[in-house]
Amino acid sequence: GNPGVPAVIITEFNEHENIIMDMLNSIEETYVCLSREKDRKRAVDKFQNGDVRFILLKAVQGFGISLNREPAVKNGIGSYPSIIYASPTWSLDDWTQSNNRCIGVHNGKNINTPVYVLNVKGSIEQQIVTALRGKQSLSDVLMKDVGRKGFTSFAQSLLLDASEADDDVFDAQDLDARIVLKIAPDKRPTHKL
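This text gives an overview of the structure that appears in the document.

## Considerations on the overall build of the protein
Link 1 in the chain: Along the protein, the regular secondary structure elements total six helices and seven strands.
Link 2 in the chain: Reading the helices (α) and strands (β) of the protein from amino to carboxyl end gives β-α-β-α-β-α-β-α-β-β-β-α-α.
Link 3 in the chain: Residue burial in the protein is summarised as follows: out of 193 residues, 33% are buried.
Link 4 in the chain: Pairs at least 24 apart in sequence give 57% of the contacts found in the protein among residues at least 6 apart.
Link 5 in the chain: Summed over all atoms, the accessible surface of the protein reaches about 12,900 Å², with 55% contributed by carbon and sulfur.

Right, dumping it as structure tokens:
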């Protein structure tokens, strides 16, 4: 709908990627698909520098990379990108992280990145986005409680101090050791074992 505006297209399904790539090919648009590139850095650089207009990826593929196109904008090639979700992820962390891929700074101010979620009224995608927004609201409320002075939140009790650990607490290292050493649940892992 916005000719010339670059976009980060996030979808969780290979079939969606195929459909989107076919569509982009049919209208002769330039793109890279992160899951199909052998050299991720080169693919990201193509998008950042304005060599391609679209980049396709899954939410988790965006960890640790920036897709804000600041180098392209600085060189007068196009604009900052929008984010388009062809299918949203269920994970609040992945959702939040993928929304932050395009954050950049222009003239000392953060860029507002438009985020579009493609869904049909009453669809599972709409329900996922509603659930993600609910999770975010709940998370914000819990964090406010933790920060209040003179008030102990139940969220504080969820934080485990190493000195409080006892045999009733799940210990991932203990479980991993039991699996590797093939120790039965009723036996204690010892140095000898």
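Let us keep going from here.
## Details of the sheet that holds strand 3 (residues 54-57)
Link 1 in the chain: What the five strands build is an open sheet, ordered 2-3-1-4-7; its pairing is parallel. Only two strands of the sheet have a single neighbouring strand rather than two, namely strand 2 (31-33) and strand 7 (115-117). Averaged over neighbouring strand pairs, the angle between their axes works out to 15 degrees when direction is ignored.
Link 2 in the chain: For strand 1 (residues 7-10) and strand 3, the ladder comprises four bridges, and the chain directions are parallel.

## Describing the nonpolar core
Link 1 in the chain: V8, I10, L34, I55, L57 and L67 are the most contacted members of the largest nonpolar core, which has 20 residues in total.
Link 2 in the chain: Listing elements by their share of this core, those giving two or more residues are strand 1, helix 2 (40-48), strand 3, strand 4 (82-85), helix 4 (92-99) and helix 5 (124-147).
Link 3 in the chain: Here the element with the most residues in this core is helix 2; it accounts for three residues.
Link 4 in the chain: If we ignore the near neighbours within four places in the chain, the residues touching L57 are V8, I9, I10, T11, E17, L34, G62 and L67.
Link 5 in the chain: The next biggest cluster of nonpolar side chains, apart from the first, holds nine residues, and it includes M21, L24, F54 and L56.

## Concerning helix 4
Each full turn of the α-helix corresponds to 3.6 residues, which orients residues three or four apart in the same direction.
Link 1 in the chain: Summarising burial for helix 4: six of the eight residues are buried, a large majority.
Link 2 in the chain: Taken together, the buried positions of helix 4 are L92, D94, W95, Q97, S98 and N99.

## Some points on the pattern of salt bridges
Link 1 in the chain: One pass over the full model with this rule turns up four salt bridges.
Link 2 in the chain: Note that R36 is salt-bridged to E17, the shortest N-O span being 3.5 Å. Pair noted here: R36 is in the loop between strand 2 and helix 2 and E17 is in helix 1 (residues 14-26), with a separation of 19 residues, a long-range link.
Link 3 in the chain: In this structure, K41 and D45 form a salt bridge, with 2.9 Å as the shortest nitrogen-oxygen distance. Taken together, the residues K41 and D45, both in helix 2 and four residues apart, mark about one turn of the helix.
Link 4 in the chain: Each of E17, R36 and K58 takes part in a single network of salt bridges with overlapping partners.

## Observations concerning unusual backbone geometry
Link 1 in the chain: In this structure, E28 is a non-glycine residue whose phi angle is positive, near 55 degrees.
Link 2 in the chain: Its location among the elements puts E28 in the loop between helix 1 and strand 2.
Link 3 in the chain: Classification of E28 by relative accessible area gives exposed; the value is 72%.

## Re the packing of aromatic side chains
Link 1 in the chain: For the structure on display, the rule yields zero aromatic pairs.
Link 2 in the chain: Positioned above the aromatic ring of F47 is the side chain of R69, whose terminal nitrogen or guanidinium carbon lies 5.1 Å from the ring centre.

## Comments concerning the environment of I77
Link 1 in the chain: Turning to its location among the elements, I77 is positioned in the loop between helix 3 (70-74) and strand 4.
Link 2 in the chain: Residues I77 and G50, 27 residues apart in the sequence, show an inter-C-alpha distance of 5.9 Å.
Link 3 in the chain: Filtering out sequence-adjacent residues up to four positions away, I77 remains in contact with N49, G50, R69 and A72.

Conventions adopted
- Residues numbered from 1 in each chain as written.
- Predicted model: local features only at pLDDT ≥ 70, side-chain atom pairs only at ≥ 80, totals over all residues.
- Heavy atoms only, no water.
- Helix = DSSP H or I, 4+ residues; strand = E, 2+ residues; numbered from the N terminus.
- Buried < 20%, exposed > 50% of the residue type's maximum accessible area, 1.4 Å probe, protein only.
- Contact = heavy atoms within 4.5 Å.
- Areas by Shrake-Rupley, 256 points an atom, 1.4 Å probe, with all protein chains shown as cover.
- Pairing = 2+ DSSP bridges.
- Axes fitted to C-alpha atoms, helices over the stretch in contact; angles between N-to-C directions.
- Core = buried A, V, L, I, M, F, W, Y, C linked by side-chain atoms within 4.5 Å.
- Salt bridge = Lys/Arg side-chain N within 4 Å of Asp/Glu carboxyl O.
- Phe/Tyr/Trp six-rings, centres within 6.5 Å; stacked < 30°, edge-to-face > 60°.
- Lys NZ or Arg CZ within 6 Å of the ring centre and 35° of its normal.

Purely geometric numbers; function is a separate question.
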